[in-house]
Amino acid sequence: MSTIHLRQTTTLTPEQYVAGLTDFGPGRSRLFGNSADEYLKVHDKGLFQADVTEGSGGIWERLHYEWSDPNRVVLTTIDSNVWGGASGHTYTFTRRPDGATDIDVVVVRDGKNLRGWVLGLVLGTIGKRVLERAFENSVKAIEMRNGSAPTNSPASRSALAPAA
């Protein structure tokens, strides 16, 4: 099992990022490159939760999204062709006094078969940078969508904590 920690500071409010994260409409892949439109299927969506299948490149997962806490979004893997067990994502938002928001993401990848185990091992080691770049790109895409200037200062770049 791999646990990956990512952090990004953004000009977005938590509400703006959550709006992008929970937009399951066409074009989602422009915000989240690992969520190809042909894999996307919304099974159920409520005010603060959704049940969605998404993926790309032959890897898919069905996720339960829960965002009733304005400072936290939890995505729990409920089915996948490679991920099982404790897999999922947790986004935590911290508002800064300067108006920016720190986004911390914890991604857990627990392979349910040989392919998942190998992918989890790769993501937990040499693949961290791929997840980091994907997270940076999603933040930039949501900033652009909201008319916010993408952040380029060192404090705004992703930093690996003790990545999604």
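Just above sits the structure.
Note that this is a predicted model, so its numbers are computed, not measured. Along each chain, residue indices are assigned from 1 in the same order as the chain's sequence is written. Where totals are concerned, whole chains, interfaces and linings use all residues; where local detail is concerned, this predicted model gives features only for residues with pLDDT of at least 70, and gives and counts side-chain atom pairs only at 80 or more. For side-chain calculations, the full set of non-hydrogen atoms in the structure is used, while hydrogens and water are omitted.

1. Remarks on the overall build of the protein
Secondary structure is summarised from DSSP: a helix means a run of H or I of at least four residues, a strand means a run of E of at least two, and numbering begins at the N terminus for each. Assigned secondary structure in the protein consists of four helices and seven strands. Order of helices (α) and strands (β) in the protein, N terminus to C terminus: β-α-α-β-β-β-β-β-β-α-α. At 15 Å, the protein has a C-alpha radius of gyration in line with the 15 Å of a compact globule built from 164 residues. Dimensions of the protein along its principal axes, counting C-alpha atoms only, are 45 × 35 × 25 Å. A 1.4 Å probe rolled over the protein chains alone gives each residue an accessible area, and that area as a share of the maximum for its type sets the label: buried under 20%, exposed over 50%, partly exposed in between. Every one of the 164 residues in the protein was classed for burial, and the buried ones make up 44%. Carbon and sulfur atoms make up 56% of the accessible area of the protein, which totals about 8,100 Å². We treat Lys and Arg as the positive residues and Asp and Glu as the negative residues; His and chain ends play no part in the count. Where a charge sits is defined by one atom per residue type, namely NZ (Lys), CZ (Arg), CG (Asp) or CD (Glu). Side-chain charges of the protein comprise 18 positive and 18 negative groups, with the mean position of each set lying 4 Å from the other. Note on method: radius of gyration uses C-alpha positions; expected globular size equals 2.2 Å times residues raised to 0.38. Note that accessible areas follow from Shrake-Rupley with a 1.4 Å probe, and for residues the cover is restricted to the protein chains shown.

2. Looking at the nonpolar core
In a soluble, globular protein the nonpolar side chains are often hidden away together inside. By size, the foremost hydrophobic cluster in this structure holds 30 residues, and its most contacted members are Tyr17, Leu21, Tyr65, Val73, Tyr91, Ile103 and Phe135. Only strand 1 (2-10), helix 1 (14-21), strand 3 (49-56), strand 4 (59-66), strand 5 (72-80), strand 6 (88-95), strand 7 (101-109) and helix 4 (128-145) provide two or more residues apiece to this core. By definition in these notes, contact holds between two residues if any of their heavy atoms fall within 4.5 Å. When residues no more than four places from it in sequence are discounted, the contact partners of Ile103 are Leu6, Arg7, Gln8, Thr10, Tyr17, Tyr91, Thr92, Phe93, Phe135 and Val139. Side-chain atoms within 4.5 Å are what join buried Ala, Val, Leu, Ile, Met, Phe, Trp, Tyr and Cys residues into a set we call a nonpolar core.

3. As for the sheet that holds strand 1
Here, strands pair whenever DSSP counts at least two bridges between them. What the seven strands build is an open sheet, ordered 1-7-6-5-4-3-2; its pairing is antiparallel. Both outer strands of the open sheet, strand 1 and strand 2 (41-45), are each paired with one neighbouring strand and no more. Between one strand and the next, the sheet's axes are offset by a mean angle of 20°, whatever the strand orientation. Here strand 1 pairs with strand 7 via nine bridges, running antiparallel. If you follow Arg7 over to strand 7, its bridge partner there is Asp104. Relative to strand 6, helix 1 is tilted by about 155°, and along the sheet it contacts strand 4, strand 5, strand 6 and strand 7. Under this scheme, a helix contributes an axis fitted over its contacting stretch, all axes are lines through C-alpha atoms, and angles between N-to-C directions fall in the 0 to 180 degree range. Packed on one face of the sheet, helix 4 meets strand 1, strand 6 and strand 7 and runs near 30° to strand 1.

4. What to know about a nonpolar patch on the surface
By definition, no residue in a patch forms a salt bridge, and every one has over 30% relative accessible area; like charges are joined within 9 Å, nonpolar side chains (Val, Leu, Ile, Met, Phe, Trp, Tyr) within 5 Å. Whenever a carboxyl oxygen of Asp or Glu lies within 4 Å of a side-chain nitrogen of Lys or Arg, that contact is scored as a salt bridge. A surface patch of nonpolar side chains, about 630 Å² in accessible area, is lined by Leu114, Trp117, Val118, Leu121, Val122 and Ile126. In this structure, Leu114 sits in helix 3 (residues 114-124). Judged by its relative accessible area of 65%, Leu114 is exposed.

5. Some words on the packing of helix 1 against helix 4
In the contact formed by helix 1 and helix 4, the axes pass within 10 Å of each other and the chain directions differ by 105°. With respect to helix 4, the axis of helix 1 lies roughly perpendicular. Here helix 1 contributes Gln16, Tyr17, Ala19, Gly20 and Leu21 to the contact with helix 4, which in turn contributes Phe135, Ser138, Val139, Ile142 and Arg145. For the contact of helix 1 with helix 4, the residue count by class is six nonpolar, three polar and one charged. When an angle is under 35 degrees it counts as roughly parallel; over 145 it counts as roughly antiparallel; between 65 and 115 it counts as roughly perpendicular; any other value is oblique. Under this grouping Gly is polar, as are all residues other than the nonpolar Ala, Val, Leu, Ile, Met, Phe, Trp, Tyr, Cys and Pro and the charged Asp, Glu, Lys and Arg.

6. Side note on the pattern of salt bridges
According to the stated counting rule, one finds twelve salt bridges in the structure shown. Of the charged contacts in the structure, one is a salt bridge between Asp23 and Arg145, with a shortest N-O distance of 2.8 Å. Within this pair, whereas Asp23 is found in the loop between helix 1 and helix 2 (28-31), its partner Arg145 is found in helix 4, the two being separated by 122 residues in sequence. Arg145 sits in the partly exposed class, given a relative accessible area of 41%.

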